[in-house]
Amino acid sequence: MELTDEQRQIMDGTSGPFLAKCMRWLVEWGDAMGAQRLVPVANTHALVTVPGNLVWGAGQKTIESAMELLRPACQHRVCCHSTTHITFAHEEQYDEIEMPQEQVAAQLEVMDMAHDAGFLMTYTCAPYLVGNVPLKGEICAWTESSAVVYANSILGARTTRHGTESAIAAALVGFVPEFGVLLDENRWATLQVDVTAQLHTPTDWGALGYFTGKVAGLEVPVFQGTPQPSQEDAKQLCAALATGGGVTMCHIAGVTPEAATLEQALDGKPPRRRVTFGESELRNAYSQLRTHTDDAIDTVILGCPHASLQEIAEIALYLKGKHLADGVRLWLCTAYATRSNAERLGYAKMIYDAGGYLFCDTCPTNSMRLKAERIVTAGFKQAHYARNMIEAEVIVDNVKGCLDAGLTGRWSDGR
Ligand code: F3S
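Residues numbered from 1 in each chain as written. Predicted model: local features only at pLDDT ≥ 70, side-chain atom pairs only at ≥ 80, totals over all residues. Heavy atoms only, no water.

Draft legend 1. Up close: the site of the ligand. The immediate surroundings of the ligand are formed by Cys125, Glu144, Gly303, Cys304, Pro305, Cys363, Thr365, Asn366, Lys381 and Gln382. Secondary-structure elements contributing two or more residues to the shell around the ligand are helix H15 (364-367) and helix H16 (380-389). (Near = heavy atom within 4 Å. Helix = DSSP H or I, 4+ residues; strand = E, 2+ residues; numbered from the N terminus.)

Spelled out as structure tokens, the structure:
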């Protein structure tokens, strides 16, 4: 890879050993991916935390190894707009989810250091809902696969899928290797998905994404025949695309900023493959992720990816004056910035009064503190991961179906 004098000097250690290491990570990654050069990055979204799922997967050793990365990283300043991905819990909720002291202590240390290093501690998987909204063409380095698809496909920004080290390195040295969807030639669609099913809810868009992710693998799909999506529809689509497969971006003809038409999305070429998403594919996408052996549920999880203020408002108004069934809990996941708005506007109280809970800055599959027997959720991504990470039975349904299950204690298929 060709490096500029500035990049070579950083790699040679003129800015200190940790930034030299960061530069080596980026160069080695770029070399492996066939990049020709490093390009300036304007926006990063990084995991700057000691995540619960790693700790509970591997024990104390993982807290130590996370701190070995985070302590030296936070001795430096970020070079650009840098927000943070989820943590394991909002600090007001540590006691409620019985977080062990050693993890709390490590996280409190990280929060102070990262704040001083210039990270904006958004703690969310949907940074575009709390102010990190890159413009078309902006080069980004984002972790969180659902947000990566959203940034590329809905906002027209450019980011490959980053891991913890590469996103932190990019935030500190200000460069990323140029490969994948950072290049025009890799952004064109090759898989055409003709959508004939009626998409009524954001979860239906999740079903479309989950189906397409499985078909696409690493390809870029273009959707033809969908209605105009809402922000919530697009959020579910993008999350499910990155869960069902390894999709980094998609096109929705007429919606994705750089492709106003199907022909433009395909770069004027015929698609390599073409599939149809009809009513039976829609039904199968739901049934594929339903592992329940009974309709009695004990847990409702909403807000995957993190809920917008609009979603919280709709849920609050639906629950107003009602109460969850005995023994059922509702966890609505969101960023604390969104929760603050919801509290100010009275929506949070309506949810609390109904017996629900706004779970901040994380989600159950990442905090790993949820014990449930049978979950109903509106997020295909949550349903996919909950099966393995929480070891609960799972039902995926739209938000109304989930709330009705929460209110009665039993799920019934309303489709
Ligand atoms: Fe966010 Fe957790 Fe879903 S991190 S995308 S709410 S699995």
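Draft legend 2. Highlighting the environment of Leu358. Take Leu358: it is sitting in strand S12 (residues 356-360). A relative accessible area of 1% means that Leu358 is categorised as buried. When the C-alpha positions of Leu358 and Ala307 are compared, they lie 9.8 Å apart, and in sequence the two are 51 residues distant. Excluding residues that lie within four positions of it along the chain, Leu358 makes contacts with Gln93, Ile312, Leu332, Thr334, Arg339, Ala348 and Tyr352. (Buried < 20%, exposed > 50% of the residue type's maximum accessible area, 1.4 Å probe, protein only. Contact = heavy atoms within 4.5 Å.)

Draft legend 3. Fine view of the side chain of Thr160. Tracing the backbone through its elements, the reader meets Thr160 in the loop between helix H6 (145-155) and helix H7 (164-173). Residue Thr160 is classed as buried on the basis of its relative accessible area, which comes to 6%. Every residue in contact with Thr160, bar those within four places of it in the chain, is listed here: Trp29, Trp142, Val148, Phe179, Gly180, Val181, Leu182 and Thr248.

Draft legend 4. The arrangement of helix H2 (residues 17-33) in detail. Given a rise of 1.5 Å per residue, 17 residues ought to cover 24 Å, and the 24 Å separating the end C-alpha atoms of H2 matches this to within 8%. Taken together, the buried positions of H2 are Phe18, Leu19, Ala20, Cys22, Met23, Leu26, Val27 and Gly30. (Expected span 1.5 Å × (residues − 1).)

Draft legend 5. How the structure looks around the packing of aromatic side chains. A complete count under the given rule lists 9 aromatic pairs for this structure. Between Trp331 and Tyr357, the ring centres sit 6.1 Å apart and the planes meet at 50°, which makes this aromatic pair tilted. Note that Trp331 is positioned in strand S11 (residues 329-334) and Tyr357 in strand S12, a separation of 26 residues in sequence. What makes Tyr357 buried here is its relative accessible area of 17%. Aromatic rings pair up to connect Tyr210, Tyr286 and Phe380 into one cluster. The ring of Tyr318 has Lys322 lying over it, and the distance from NZ or CZ to the ring centre is 4.1 Å. Arg329 extends its terminal NZ or CZ atom over the ring of Trp331, reaching a point 5.8 Å from the ring centre. (Phe/Tyr/Trp six-rings, centres within 6.5 Å; stacked < 30°, edge-to-face > 60°. Lys NZ or Arg CZ within 6 Å of the ring centre and 35° of its normal.)

Draft legend 6. Spotlight on unusual backbone geometry. Here the bond from Cys304 into Pro305 is cis, since omega is -10°, no more than 30 degrees from zero. Residue position: Pro305 is located in the loop between strand S10 (299-302) and helix H12 (309-319). Unlike most non-glycine residues, Glu144 shows phi in positive territory, near 80°. Within the secondary structure, Glu144 sits in the loop between strand S4 (140-142) and H6. The buried category is assigned to Glu144, whose relative accessible area is 12%. One non-glycine residue, Asp267, adopts positive backbone phi at about 55°. Secondary-structure assignment places Asp267 in the loop between helix H10 (262-265) and strand S9 (273-277).

Draft legend 7. Summary view of the packing of H2 against H7. Packing of H2 against H7 brings their axes to within 9 Å, and their N-to-C directions diverge by 120°. Here H2 is positioned oblique relative to H7, judged by the angle of their axes. Relative to H7, the crossing made by H2 is left-handed. On H7, the residues that touch Phe18, Leu19, Cys22, Met23, Trp25, Leu26 and Trp29 of H2 are Glu165, Ser166, Ala169, Ala170, Leu172 and Val173. Considered class by class, the residues forming the contact of H2 with H7 number 11 nonpolar, 1 polar and 1 charged. (Axes fitted to C-alpha atoms, helices over the stretch in contact; angles between N-to-C directions. Parallel < 35°, antiparallel > 145°, perpendicular 65-115°, else oblique. Left-handed = near helix turned anticlockwise from the far one by under 90°. Nonpolar A, V, L, I, M, F, W, Y, C, P; charged D, E, K, R; others polar.)

Draft legend 8. Local environment of the pairing of strand S2 (residues 43-46). Burial along S2 is two-sided: Asn43 and His45 facing one way and Thr44 and Ala46 facing the other are all buried. Of the pairings in the sheet, the one linking S2 to strand S3 (residues 81-84) comprises 4 bridges and is parallel in character. Within S3, the residue paired with Asn43 across the bridge is His81. In this sheet, S4 lies alongside S2 in parallel orientation, the contact comprising 3 bridges. Each bridged residue has a counterpart across the sheet, and for Thr44 the counterpart in S4 is Ala141. (Pairing = 2+ DSSP bridges.)

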